[in-house]
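Structural overview
Residue-level listing of the chains:
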Amino acid sequence: MSNPRAHRDGLRAKQLADGRLAVYDEHAQQGHLLTPLSAAVFHVADGTRTLTDLTTAVARTHPEADTAVIRLALAELQTAHLLDTPPEEPNNASPVSG
């Protein structure tokens, strides 16, 4: 997995009292409401942290966070187009066949 980096340009963000993060993408003219855990991942995904590093950083405020939960949060951020550098699976990952 590459080191994910959150998209920052053209975004307006407001941290809400309940821990959620409201993000408005001025280029796409689209808003997103991130869960507290996804907001934490968004804040620490700076392109320098590995999945393990992200998990460690987020677990400080979200003890339930493990790598599976962080992967889900990264998928949410990727779907919302909030990552400049998306996470990539290792080259040795095999596709699931049906």
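The rules behind the values
- Think of each chain on its own: its residues are numbered from 1, step by step along the sequence as written.
- Only residues with pLDDT of 70 or above have their local features reported here, since the model is predicted, and side-chain atom pairs are shown and tallied only from 80 upward, although totals for entire chains, interfaces and linings are computed over all residues.
- With hydrogens and water excluded, all non-hydrogen atoms of the structure serve as input to the side-chain values.
- Throughout this description, buried means an accessible area under 20% of the type-specific maximum (1.4 Å probe, protein chains only), exposed means over 50%, and partly exposed covers the range between.
- Helix and strand definitions follow DSSP, with helices as H or I runs of at least four residues and strands as E runs of at least two, each counted in order from the N terminus.
- Between two residues, a contact is recorded if the distance between any of their heavy atoms is within 4.5 Å.
- What pLDDT reports is the predictor's confidence in each residue, on a scale of 0 through 100.
- Lines fitted to C-alpha atoms define the axes here, with helix axes fitted over just the stretch in contact, and angles between the N-to-C directions of these axes take values from 0 to 180 degrees.
- Oblique is the label for any angle not under 35 degrees, not over 145, and not in the 65 to 115 range, which are roughly parallel, roughly antiparallel and roughly perpendicular in turn.
- Side-chain classes are defined by residue name, with Ala, Val, Leu, Ile, Met, Phe, Trp, Tyr, Cys and Pro counting as nonpolar, Asp, Glu, Lys and Arg as charged, and the others, Gly among them, as polar.

Burial runs high along helix 1 (residues 36-44): seven of the nine residues are buried. Along helix 1, the residues classified as buried are Leu37, Ser38, Ala39, Ala40, Val41, Phe42 and Val44. Those residues of helix 1 that are buried are in contact with strand 1 (5-6), strand 2 (11-15), strand 3 (21-25), strand 4 (30-34), helix 2 (51-59) and helix 3 (67-79).

Attention now goes to the environment of alanine 39. Its location among the elements puts alanine 39 in helix 1. Accessibility expressed as a relative area gives 1% for alanine 39, which makes it buried. With residues near it in sequence (within four places) discarded, alanine 39 still touches Gly19, Leu21 and Leu34.

Take the confidence of the model for the chain next. For the chain, the average pLDDT comes to 87, and 87% of its residues sit at 70 or higher. Low pLDDT, under 50, characterises residues 91-98; the predicted model gives this stretch zero contacts beyond four residues in sequence or across chains.

Two measures define how a pair of helices packs: the angle their axes make with one another and the distance between the axes. One can describe the packing of helix 2 onto helix 3 by two numbers: an axis separation of 9 Å at closest approach and a directional angle of 100°. As summarised for this structure, helix 2 and helix 3 are arranged roughly perpendicular, according to the angle between their axes. Only Thr67, Ile70, Arg71 and Leu74 of helix 3 make contact with helix 2, whose side of the interface consists of Leu51, Leu54, Thr55 and Val58. Among the residues forming the contact of helix 2 with helix 3, the class breakdown is five nonpolar, two polar and one charged.

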